[in-house]
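# Notes for the structure review
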Amino acid sequence: MLKLVRLEWKKNNIGKYIKGVIIMAALLGLFVFALAFLGIANDPDGTLDAAPGTDVISAPIELFTSMAFLIYTSVMLASFIVSAYKNKTMNLMFSYPIKRQKILASQMIAVWTFNFAALILTKLAIYMCVFFGAKFMQSSFAVDFSIGSLSFYIQLILKSVVIVSMSFIALFVGMALKSSKATIVTSFLLIFLTQANIGDFTMAGNAVFPIILTAISLLFAALSIVNVESKDLM
């Protein structure tokens, strides 16, 4: 499986995705730094313009990194898998003396592990920038995290697992509709469901929902793999 994962990274030119992540992480870091220390989130009178519960720096960090990486992971899944079906390169892959399920699983693992690692490193870099920046500048947001706390790293890992795994729901929809665009659009819809208010309804801040959502995401991942042996190519 490890060889297949490495093959997927090489075949899909993982270098361009690494460059994309670096650029995205830099832009996110600059934006969060501006929010925290340059006052772009403040009203003209200098007070922070934030809803109750979002006046802590972890709120924008988690929101914007989650949005960016859910979309980025879905884009990679669309490129690695859905587009491979559509342009028939999957025909060649499925001609190998390897089960289709194993090939598809390796593609999903390749994308998941890459984005999981990238999301953790991006979050750590942004949190570190805020941590050191707060030592020399006044932050508009309350600094509500502790770099030296074990719980900080546990939460960082668990939240990253949830966000990257959610992309499997988008993949399932994209494969069902045979559309790369559907994969990406579904990732946007998932963001609205988990991060935004829809009328008086929101899943943001619900402690149980991430567990349920991860379970659903893994179920969709399993469903995507289970039936691939009997599916015709797109």
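The structure displayed is predicted, hence computed values, not measured ones.

### Brief notes about the packing of helix H2 (residues 14–37) against helix H5 (residues 100–133)
In contact at an axis separation of 10 Å, H2 and H5 are set at 30° when each is read in the N-to-C sense. Regarding the angle of H2 to H5, the classification is roughly parallel. The way H2 lies across H5 gives a crossing that is right-handed. Here H2 contributes Ile-14, Tyr-17, Ile-18, Val-21, Ala-25, Leu-28, Gly-29, Val-32 and Phe-37 to the contact with H5, which in turn contributes Phe-114, Ala-118, Thr-122, Ile-126, Val-130 and Gly-133. In terms of residue class, the contact of H2 with H5 is built from 12 nonpolar, three polar and no charged.

### Description of the nonpolar core
Core analysis: the largest hydrophobic core is formed by 53 residues, its most contacted members being Ile-57, Met-76, Phe-80, Ile-81 and Leu-171. Elements with a contribution of two residues or more to this core: H2, helix H3 (58–86), H5, helix H6 (150–177), helix H7 (180–195) and helix H8 (209–226). It is H5 that provides the largest number of residues to this core, a total of 12 residues. Residues contacting Phe-80, with those up to four places away along its chain left out, are Glu-8, Trp-9, Asn-12, Ile-14, Tyr-17, Gln-107, Ala-110 and Val-111.

### Description of the packing of aromatic side chains
All chains considered together, the criterion is met by 12 aromatic pairs. Between Phe-152 and Tyr-153, the ring centres sit 4.9 Å apart and the planes meet at 80°, which makes this aromatic pair edge-to-face. The partly exposed category is assigned to Tyr-153, whose relative accessible area is 29%. An aromatic cluster of three or more residues is present, and its members are Tyr-17, Phe-69, Tyr-72 and Phe-80.

### Considerations on the environment of Ala-142
Relative to the helices and strands, Ala-142 is located in the loop between H5 and H6. A residue is classified by how much of its surface remains accessible, and Ala-142, at 41% relative accessible area, is partly exposed. Note: C-alpha distance between Ala-142 and Val-56 (86 residues apart in sequence) is 4.5 Å. Excluding residues that lie within four positions of it along the chain, Ala-142 makes contacts with Asp-55, Val-56 and Ile-57.

Conventions adopted
Residues numbered from 1 in each chain as written. Predicted model: local features only at pLDDT ≥ 70, side-chain atom pairs only at ≥ 80, totals over all residues. Heavy atoms only, no water. Axes fitted to C-alpha atoms, helices over the stretch in contact; angles between N-to-C directions. Helix = DSSP H or I, 4+ residues; strand = E, 2+ residues; numbered from the N terminus. Parallel < 35°, antiparallel > 145°, perpendicular 65-115°, else oblique. Left-handed = near helix turned anticlockwise from the far one by under 90°. Contact = heavy atoms within 4.5 Å. Nonpolar A, V, L, I, M, F, W, Y, C, P; charged D, E, K, R; others polar. Core = buried A, V, L, I, M, F, W, Y, C linked by side-chain atoms within 4.5 Å. Buried < 20%, exposed > 50% of the residue type's maximum accessible area, 1.4 Å probe, protein only. Phe/Tyr/Trp six-rings, centres within 6.5 Å; stacked < 30°, edge-to-face > 60°.

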